[in-house]
Amino acid sequence: MTSNREHWGSRAGFILAAAGSAVGLGNIWKYPHMAGQHGGAAFTMVYLLCILVVGLPILLAELSIGRRTQLNPVGGFSLLSNNSNWKWVGFLGVASAFTILSFYSVVGGWTIKYTVLALTGSFGKFSATGAAGDFFDAFVKNPVEPVFWHLVFMGLCVFIIDRGVKAGIERWSKVLMPVLLGILVLLVFRGVTLDGAGAGLRFLFSPKWGDLDASGVVLALGHSFFTISLGMGTMITYGSYLRRESDLIQSALWIVALDTFIALMAGIAIFTAVFALGQNPAEGPGLIFVVLPSLFPHMPGGQFFAALFFFLLFVAALTSAISILEVVTAYFIDEKGWSRTRATNTFGAIIASIGVLASLSNGNYNVLSPVTDLTFMDLLDKASSKYMLPLGGMLTAVFVLTRWGVDHFRDEIKSGAKWFQLNKQVITIIFVIASLVVAYIFASELVALFR
Ligand code: PHE
């Protein structure tokens, strides 16, 4: 175990950093558009259930592997399994980090562009029907501009991660997360005070089960993973900077509560506006970049709230993106003895370059075009959120059950816990259920792939 490992400065600092990782584009961009397309409240209920049944146990498993071993995912699995093949689950995590960050930072770049647009008063032009959609289309296809903003976003990630755990991740999360919450409260207030906001609230909270289809259930299951940053060792890495005295159960509950609360608040802010202004909630991925920009000009104070909204999205994306880069960085520091600066600069540059290809694939330069219609950016998104994360999460649960052992896991969560009652049988049942649920998502995604 590395004794000179850096640790979080405070409990609140860790919880904000981990919640910062969890709260991201998943909460504000993905969740609302998926709920919008798959039955609103019914989707939300299934998603909440999955967070409890699958998300919470796997989050605890990741945090305890990290804290127990004080190592990155590869080192962590390797140490607890006597250097067996289980370390490949760690490698899968590092590979997922490359895959996710290279498209995530492209969308991160879009959020900067839209913040700048709102701040410079350019949102007025979106009031004409179709204007926001045409603009977004032309913007993402442009070979230069989105690439530029993506590089700015990656530069910020490298800047923060290079400063380390306490002075980088923790310090920035402690500033950015309260800013995010503050902005969100303002946006919710703006949303619920619009005339006709009630329809949006009903859409989000009063379930019509008939609207939920099977693909909605699978999506809700998969999303409960993505949204808490599970399945690629992010929480193993953040857990490895915890000291033994910390209470893992309490921390996990905080992380899940903050993540869920923020997703629901984002849903309220967005759907009250969408319904009050008579728009289609089932617009899909364009909900945030196409529907909302066309709504803001019609809202009192719209330009101001637009700037706040996209800045919020940027902050959420940034605190998640740094947690992804930290997985790669921690691996090269722990296992290969690299300096932090060398690791962040090297892999920041490599991920940025893959991201450039992802951004270009939205326009005329899709590297995949000889083989398929899928853009390279979509491939990165789908491969990671649909296959790599669920696989990594399921293997983590199976690892606890079959290799590390429920007894050892239980000892680890007990250490530092103020309140802990679960016995071995209950934990085993919880983990068997969680593994089966994820195995089901994974299998149904695979079946869908080959159909
Ligand atoms: N949880 C983040 C979000 O909701 C995404 C993420 C996934 C971050 C996996 C780290 C690891 O946007």
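None of these values were measured; they are calculated from a predicted model. (Residues numbered from 1 in each chain as written. Predicted model: local features only at pLDDT ≥ 70, side-chain atom pairs only at ≥ 80, totals over all residues. Heavy atoms only, no water.)

### What about the overall build of the protein chain?
Stated precisely, the cut-off is as follows: Here a strand is any run of E in DSSP of at least two residues, a helix any run of H or I of at least four, and the numbering for each starts at the N terminus. The size measure is the radius of gyration over C-alpha atoms, and the globule rule it meets is 2.2 Å times the number of residues to the 0.38 power. Three exposure classes are used, based on accessible area relative to the maximum for each residue type with a 1.4 Å probe and protein chains only: buried under 20%, partly exposed in between, and exposed over 50%. What makes two residues a contact is simply this: any of their non-hydrogen atoms within 4.5 Å. Here the Shrake-Rupley method, with its probe set to 1.4 Å, supplies the accessible areas, and only the displayed protein chains count as covering residues. Charge counting follows a simple rule: Lys and Arg are positive, Asp and Glu are negative, and His as well as the terminal groups are ignored. To locate a charge, take atom NZ for lysine, CZ for arginine, CG for aspartate or CD for glutamate.
Counting its regular elements, the protein chain contains 18 helices and 0 strands. Relative to the compact-globule value of 22 Å for 451 residues, the protein chain shows a C-alpha radius of gyration of 21 Å, a close match. Seen through its principal axes, the protein chain has C-alpha atoms that stretch 65 × 45 × 45 Å. Counting across all 451 residues of the protein chain, residues that qualify as buried make up 61%. Sequence separation of at least 24 residues holds for 81% of the intrachain contacts in the protein chain that already meet a minimum separation of 6. Accessible area of the protein chain: about 17,000 Å², with a carbon and sulfur share of 65%. Computing the positive centroid from 29 side-chain charges and the negative centroid from 24, the protein chain places the two 6 Å apart.

### Describing unusual backbone geometry
Phi at glutamine 70 takes a positive value of approximately 55°, unusual for a residue other than glycine. Mapped onto the elements, glutamine 70 comes out in the loop between α3 (41–69) and α4 (73–80). Despite not being glycine, serine 229 shows a phi value in the positive range, around 60°. By the secondary structure assignment, serine 229 is in the loop between α10 (214–227) and α11 (234–239). Overall, the relative accessible area of 11% leaves serine 229 in the buried class.

### Quick look at the site of the ligand
The following threshold applies: By convention in this text, a residue qualifies as near a molecule or strand provided that one of its non-hydrogen atoms is within 4 Å of it. Two N or O atoms form a polar contact when they lie within 3.5 Å of each other; inside protein one atom must be a possible hydrogen donor and the other a possible acceptor, and for residues adjacent in sequence the pair counts only when both atoms belong to side chains.
What surrounds the ligand is a group of 15 residues, the closest being Ala22, Gly26, Tyr104, Phe226 and Ser229. Measuring from an oxygen atom of the ligand, one finds a backbone N or O atom of glycine 26 at 2.8 Å. Within the side chain of serine 229, a nitrogen or oxygen atom sits 3.0 Å from a nitrogen atom of the ligand. Protein coverage of the free-state accessible area of the ligand, which is 320 Å², stands at 100%. Within the residue set of the shell around the ligand, elements represented by two or more residues are α1 (11–22), α2 (25–37), α10 and α14 (302–336).

### Examining the nonpolar core
As a reminder of what qualifies: We call a set of buried Ala, Val, Leu, Ile, Met, Phe, Trp, Tyr and Cys residues a nonpolar core when their side-chain atoms join them within 4.5 Å.
Membership of the largest hydrophobic core comes to 161 residues, with the highest contact counts inside it found for Phe289 and Phe309. Looking at this core, the element that brings in the most residues is α14, giving 22 residues. In contact with phenylalanine 289, not counting residues within four places along its chain, are Trp29, Val107, Trp110, Thr111, Tyr114, Phe136, Phe310 and Leu313.

### A closer look at helix α9 (residues 198–205)
Here is the rule we go by: As used here, the arc is the angular range of directions from the helix axis to the C-beta atoms.
Taken together, the buried positions of α9 are occupied by Gly200, Phe203 and Leu204. Looking straight down α9, one finds its buried side chains confined to an arc of 90°; they lie on one side. The inward-facing, buried residues of α9 abut α2, α3 and α12 (248–276).

### Side note on the packing of aromatic side chains
Quick reminder of the rule: Stacked, tilted and edge-to-face are the three classes applied to pairs of Phe, Tyr and Trp rings, where Trp contributes its six-membered ring and a pair requires centres within 6.5 Å; stacked means planes under 30 degrees apart, edge-to-face means over 60, and tilted covers the rest.
The tally for this structure, following the rule as stated, stands at 40 aromatic pairs. Judged by centre distance (5.1 Å) and plane angle (65°), the ring pair of tryptophan 86 and phenylalanine 399 falls under edge-to-face. Here tryptophan 86 is found in the loop between α4 and α5 (87–119), whereas its partner phenylalanine 399 is found in helix α16 (residues 376–404), with 313 residues between them in sequence. Between the aromatic rings of tryptophan 110 and phenylalanine 289, the centroid separation amounts to 5.4 Å while the plane-to-plane angle is 90°, which identifies the pairing as edge-to-face.

### Observations regarding the pattern of salt bridges
Side chains bearing opposite charge may pair, as long as their charged atoms lie close to each other. Let me state the cut-off plainly: Each salt bridge in this description consists of a side-chain nitrogen of Lys or Arg and a carboxyl oxygen of Asp or Glu lying within 4 Å of one another.
Applying the stated criterion across every chain, the model contains 10 salt bridges. Between lysine 113 and glutamate 145 there is a salt bridge, and its shortest N-O distance comes to 2.9 Å. Here glutamate 145 lies in helix α7 (residues 145–162) and lysine 113 lies in helix α5, a separation of 32 residues in the sequence. What makes glutamate 145 partly exposed here is its relative accessible area of 29%. The partner of glutamate 326 in a salt bridge is arginine 340, and the shortest N-O contact between them spans 2.9 Å. Of this pair, glutamate 326 sits in helix α14 while arginine 340 sits in helix α15 (residues 340–360); the two residues are 14 residues apart in sequence, bridging distant segments of the chain. Pair check on accessibility: glutamate 326 and arginine 340 agree, each one buried. One salt-bridge network, in which partners are shared between bridges, spans Arg67, Arg68, Arg244 and Glu412.

### Concerning the environment of lysine 382
Positionally, lysine 382 belongs in helix α16. Note on lysine 382: relative accessible area 36%, which makes it partly exposed. Those residues in contact with lysine 382 that lie beyond four places of it in its chain are Leu374 and Tyr387.

### Some remarks on the side chain of glutamate 326
Take glutamate 326: its relative accessible area is 0%, and that puts it in the buried class. In this view, glutamate 326 contacts Ile161, Val165, Ile169, Thr237, Tyr238, Tyr241 and Arg340; residues no more than four positions away in its chain are not counted.

### Re a nonpolar patch on the surface
Note the following rule: Each patch is built from residues that are more than 30% exposed by relative accessible area and take part in no salt bridge. Like charges join if they lie within 9 Å; nonpolar side chains (Val, Leu, Ile, Met, Phe, Trp, Tyr) join within 5 Å.
Together, Leu49, Leu52, Val53, Ile429 and Ile433 give the surface a local cluster of nonpolar side chains, amounting to about 450 Å² of exposed area. Every element with two or more residues in the nonpolar patch is listed here: α3 and α18 (424–450). Looking at which element gives the most residues to the nonpolar patch, the answer is α3, with 3 residues. The residue valine 53 is located in helix α3 in this model.

By themselves, these are just geometric observations and shouldn't be taken as functional.
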